Amino acid sequence: MKAAIASKFAGLKSNSTTDTGAGAGAGAGSGTLTKGDADAEKAKLMKAEAAKTAIAEARARVAARSGSGSGSTTSGATATTSTPGVDSPATAPPKVKKASRVVTVIKLKKTAQGEDKIPLSSRIYVSIRSPIFPQLDDKSVYVDKTWTVGRALDKIVEWLKVTVPKNEPFDAQKRFSIFHAKELGNTPAVLNMQDRLQQASQVESGDVFYLAPADWAWSTESH
């Protein structure tokens, strides 16, 4: 009887020890898995943080480029808006004016009177008009830019054979002056008789010379 009880007690003790060992082993195993999971979780967090940082940097670069593009667009819009204010539709582009002037000079050269001895590099081709001698209108001459305005006037009167009608109360050859305009329709301005043509920077081939008395009062109907 005692032997049976002792044997049963030994078996219970053995089971208890086994359970305890198993529990301890399980506990030890559970501890090892938890550390591995922590390391894996830490690695995941680091990757997530790195991804977030990369995304944030990418968004910042995109925003910077968008801001720069917006500024360029605004600047371009401003330039486009200001252009009409500067270049008025009534003002012809410089290239168009230059091309028109070249054509005008070519036409003048075909019929211009002058002296052959004037060097080509010194010639100024002009159209002639006069409010009192309409027969001079649309005549053309070329003069030497080194001449004075007075000498140019004398030569023009000579070449075009300007004669003063008997009923005119003045001597045209003495009291005539040259009035200058860039083109027809502009109000002419008198040139100083003593100045050389090359000193008058505004005078160039393609301009208009009006022959009229020095005291002529210009109006829209007289030119």
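Summarised in this report is the structure supplied together with it. (Residues numbered from 1 in each chain as written. Predicted model: local features only at pLDDT ≥ 70, side-chain atom pairs only at ≥ 80, totals over all residues. Heavy atoms only, no water.)

Glancing now at unusual backbone geometry. Glycine aside, residues mostly have negative phi, and peptide bonds are mostly found in the trans state. Its identity as a non-glycine residue notwithstanding, Asp138 has a phi of 70°, on the positive side. The topology assignment puts Asp138 in the loop between β1 (123–129) and β2 (139–144). According to the relative accessible area criterion, Asp138 is exposed, its value standing at 58%. The backbone phi angle of Lys161 is positive, close to 55°, even though this residue is not glycine. (Helix = DSSP H or I, 4+ residues; strand = E, 2+ residues; numbered from the N terminus. Buried < 20%, exposed > 50% of the residue type's maximum accessible area, 1.4 Å probe, protein only.)

This part covers the sheet that holds strand β4 (residues 189–190). Overall, mixed pairing links the five strands, which are arranged β2-β1-β5-β3-β4 in an open sheet. In this open sheet, the two edge strands, each paired with only one partner strand, are β2 and β4. (Pairing = 2+ DSSP bridges.)

Looking now at the pattern of salt bridges. It is possible for side chains bearing opposite charge to pair when their charged atoms get close. Counted by the stated rule, this structure contains seven salt bridges. Arg129 serves as the salt-bridge partner of Asp138, at 3.1 Å between the closest nitrogen and oxygen. Judged by its relative accessible area of 18%, Arg129 is buried. By sharing partners, the salt bridges in this structure join Arg101, Lys182, Glu204 and Asp207 into a single network. (Salt bridge = Lys/Arg side-chain N within 4 Å of Asp/Glu carboxyl O.)

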